Amino acid sequence: MLFAPPNLETKELFWIIYILILIPKVFAKVMSVRELFPFFKWGFNIRRSNFLVPILSNNVIVTGEEAVQYEKPLPYIPQHNQQQKQQPSQDYIQQPQNNNDNNINSGKEQEQERQQKQEQQQKQEQQQQTSEVTNQPSKINNKKIPIKELSNEEILEKLEKGEVLAYRLESELGDCSRAVEIRRMLLEKQLSKKIEPIPYEGYDFAKVQGQCCENVIGYVPIPVGTAGPIQLNGALVTIPMATTEGCLVASTHRGCKAITESGGAKCTITSRGMTRAPVVRFSDIVKASEFVSWINDSDNYQALKAVFDSTSRFARLSAIKCTIAGRSVYIRFKCDTGDAMGMNMVSKGVEAVLDHLKIIFDDMTLLSISGNMCTDKKPSSINWTEGRGRSVVCEAMITGEVVQRVLKTNVQALVDLNIAKNLIGSAMAGSIGGFNAHASNIVTAIFLATGQDCAQNVESSNCITQMEACNDGQDLYITVTMPSIEVGTVGGGTSLPAQSACLDIIGVKGSSSSKPGANADQLAKTIASAVMAGELSLMSALSAGHLMKSHLQYNRAKTNN
């Protein structure tokens, strides 16, 4: 042949050419073009072969199932779900070849196909998102509108549907007065009647929220009068009284006049201390008895006092008394609470002590932080004999001339009546702390005026009134002993504007900066002196037979016929 080497025969040349043509076909059956030519200028993956492919430039040399990236970066594929994560990688997997034409497709064509597929997927995702947005309510349209931006009528409708709770109106609206107005609308609709006589305008309900009352619809005006002034411990004190009982203020005022004209009253605090008595239980009476013995040890008491006193700047533990009933123990804590009435203060300290005792006595079980031996807002002999709050004694000497001129009676008649009524009569009735004519009348009226806890008039009205003739029977000596007056000049209703103003009338508004507790002491003394004035006046009216006449005059409205 023309191009054949001289030493080769025609037959040998034929086989050489045949082999050269056959070998590429054999390799094409085994591996792809991309495996044979790894230096093409586009990115590709090697997924099936296990041989090492040398790569130049800044690329990684990998084998087998690993991906080989060459110069041109792979396109970004969003990772929405697992199926979409796997789909792009499948585009790089070399599929089985059906013919040689598929094996020699260029990398640029495959890259274009991948980009087209990705664009189609993105379009499909956008269409799907658009359809979801169309089918679902718009978040912007359904955005929750703050309640305070709604009208009162719209809020009322939500209240009726239960979408808004009535007791949360103040916090939801941020406007206490508007909350009261809407709550009134709701109540009127529920009752099908107007409540206009209950006023609500012009009142600072922000001072009520979270402190004095819930579900507020207004306020109830109570007439406030003043008795006195009464001369108390050398100073004149005016007494504000809120009451709807006619003749009460007038009668107390008359007693104040009689006391002041006779030289005034003297008053002293004999004891102070708010109490709380939790009840705990043990497995048997032996452990209960051991517990009481441990409490009564002076060193242990001092340790408990340190724990108690650490809970407040003002609370100071003064005594602990234990009473056993079976395997239960009632622990009566007593502490000074400064100018506060102090129930919350003492309860906080008691909880701290109980937590400390649980560590020492693992057998102890707390049944209740109040075991009714406190005793709060209930008649009890323990308050009468041992006191609670402020224990106060007040006295005055009323001249015979004043008894006759102001009180319209005589000394001996008052003494005899006091024995028959306040002492023997109350004893026959089995009274506890009720050896008086009407102490609770004055206590409650001052409590209402000064923002005290009116339910505590139960124990605060414990009182024994004593009268005796002196100076050869010419003058009257009177005392009232009140062992459990529970009052404060800070906290609770004392912060309300009107009640705070009444405290200011007495001169005991807020806390005493120079001597904590002095203002509450003075309030308790004022109450005791007012009670003594009320006792003196009522007993004089009874002894003279003027009671019914006075009530008909002051406690009955005149009507036009």
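Residues numbered from 1 in each chain as written. Predicted model: local features only at pLDDT ≥ 70, side-chain atom pairs only at ≥ 80, totals over all residues. Heavy atoms only, no water.

Caption draft 1: A look at the overall build of the protein chain. Helix and strand content of the protein chain: 20 helices and 11 strands. Counting the 561 residues in the protein chain, one finds 41% classified as buried. Contacts in the protein chain between residues at least 24 apart in sequence constitute 67% of all its contacts with a sequence separation of at least 6. (Helix = DSSP H or I, 4+ residues; strand = E, 2+ residues; numbered from the N terminus. Buried < 20%, exposed > 50% of the residue type's maximum accessible area, 1.4 Å probe, protein only. Contact = heavy atoms within 4.5 Å.)

Caption draft 2: View of the side chain of Thr526. Its place among the elements puts Thr526 in helix α19 (residues 518–544). Assessed through its relative accessible area of 0%, Thr526 is described here as buried. One polar contact links the side chain of Thr526 to the main-chain carbonyl oxygen of Gln522, over a distance of 2.8 Å. Residues contacting Thr526, with those up to four places away along its chain left out, are Leu232, Val237, Ile239 and Ile506. (Polar contact = N/O pair within 3.5 Å; in protein donor to acceptor, adjacent residues only side chain to side chain.)

Caption draft 3: Geometry of the layout of surface pockets. Volume-wise, the largest pocket comes out at about 810 Å³. If you list the elements that add at least two residues to the lining of the largest pocket, you get α16 (439–450) and α18 (497–506). Looking at which element gives the most residues to the lining of the largest pocket, the answer is α18, with 4 residues. Its residues placed into classes, the lining of the largest pocket shows 22 nonpolar, 7 polar and no charged. As a volume, the second largest pocket reaches approximately 460 Å³. (1 Å grid on protein atoms, 1.4 Å probe; cavity = no way out; pocket = protein on both sides within 12 Å on 5 of 7 lines; lining within 4 Å. Points joined across faces, edges and corners; volume = space filled by probe spheres on them. Nonpolar A, V, L, I, M, F, W, Y, C, P; charged D, E, K, R; others polar.)

Caption draft 4: Main features of the pairing of strand β11 (residues 475–485). Judged by how many residues are buried, β11 sits mostly within the fold: 9 of 11 residues are covered. Judged from the 8 bridges that link them, strand β8 (residues 389–398) and β11 form a sheet pairing that is antiparallel. Note that in β11 the partner of Glu395 across the bridge is Thr479. Taken together, the 7 bridges between strand β10 (residues 463–470) and β11 define a ladder with antiparallel strand orientation. Residue pairing in the sheet places Met467 in a bridge with Ile478 of β11. Between the antiparallel neighbours β10 and β11 lie 4 residues, among them Asn471 with a positive phi of about 55 degrees. (Pairing = 2+ DSSP bridges.)

Caption draft 5: Up close: the packing of α16 against α19. α19 packs onto α16 with a crossing angle of 135 degrees between their chain directions and a minimal axis gap of 8 Å. Judged on the interaxial angle alone, α19 and α16 are oblique. You can see that α16 and α19 cross each other, and the crossing is right-handed. Here Ala439, Ile442, Val443, Ile446 and Phe447 of α16 lie close against α19, whose contacting residues are Ile527, Ala530, Val531, Gly534 and Glu535. (Axes fitted to C-alpha atoms, helices over the stretch in contact; angles between N-to-C directions. Parallel < 35°, antiparallel > 145°, perpendicular 65-115°, else oblique. Left-handed = near helix turned anticlockwise from the far one by under 90°.)

Caption draft 6: Inspection of the pattern of salt bridges at higher detail. If you walk through the whole model with that rule in mind, you get 18 salt bridges. Residue Lys194 pairs with Glu188 through a salt bridge whose shortest N-O separation is 3.8 Å. For Glu188, a relative accessible area of 17% corresponds to the buried category. The partner of Asp363 in a salt bridge is Lys287, and the shortest N-O contact between them spans 3.8 Å. Of this pair, Asp363 sits in the loop between α12 (343–360) and β7 (365–368) while Lys287 sits in helix α10 (residues 285–296); the two residues are 76 residues apart in sequence, bridging distant segments of the chain. The exposure class assigned to Asp363 is partly exposed, which follows from its relative accessible area of 23%. Exposure remark for Lys287: the relative accessible area of 35% places this residue in the partly exposed category. In this structure, a network of salt bridges that share partners links the residues Asp376, Arg388, Glu459 and Glu486. (Salt bridge = Lys/Arg side-chain N within 4 Å of Asp/Glu carboxyl O.)

Caption draft 7: Region of interest: the pairing of β8. The element β8 is extensively covered by neighbouring structure, given that 7 of its 10 residues are classed as buried. Inspection of the sheet shows strand β3 (residues 265–276) paired to β8 by 8 bridges, in the antiparallel sense. By the bridge assignment, Gly273 is partnered in β8 with Gly389.

Caption draft 8: Looking closely at a nonpolar patch on the surface. A surface patch of nonpolar side chains, about 600 Å² in accessible area, is lined by Phe14, Trp15, Tyr18, Ile19, Leu22 and Ile23. In this structure, Tyr18 sits in helix α1 (residues 10–30). Classification of Tyr18 as partly exposed rests on a relative accessible area of 42%. (Patch = residues over 30% accessible without salt bridge, like charges linked within 9 Å, V, L, I, M, F, W, Y side chains within 5 Å. Areas by Shrake-Rupley, 256 points an atom, 1.4 Å probe, with all protein chains shown as cover.)

Caption draft 9: Focus on the nonpolar core. With 52 residues, the main nonpolar core has Met241, Ile259, Ile398, Leu476, Ile527 and Leu536 as its most contacted residues. For this core, the element with the highest residue contribution is α19, accounting for 10 residues. With near-sequence residues (within four places) excluded, Ile259 lies in contact with Ile230, Gly264, Ala265, Ala396, Ile398, Ser529, Met532, Ala533 and Leu536. (Core = buried A, V, L, I, M, F, W, Y, C linked by side-chain atoms within 4.5 Å.)

Caption draft 10: Here's a closer look at α18. Residues Gln499, Ser500, Cys502, Leu503 and Ile506 constitute the buried set of α18. Taken end-on, α18 shows its buried residues confined to a sector of 155 degrees, consistent with a single buried face. At its buried positions, α18 is contacted by β1 (224–232), β2 (235–242), α16 and α19. (Arc of directions from axis to C-beta.)

Caption draft 11: Quick look at the environment of Ile464. Of note, Ile464 is situated in strand β10. Residues Ile464 and Thr481, 17 residues apart in the sequence, show an inter-C-alpha distance of 5.4 Å. Ignoring any residue separated from it by four or fewer positions in sequence, one finds Ile464 in contact with Trp384, Leu423, Phe435, Thr479, Val480 and Thr481.

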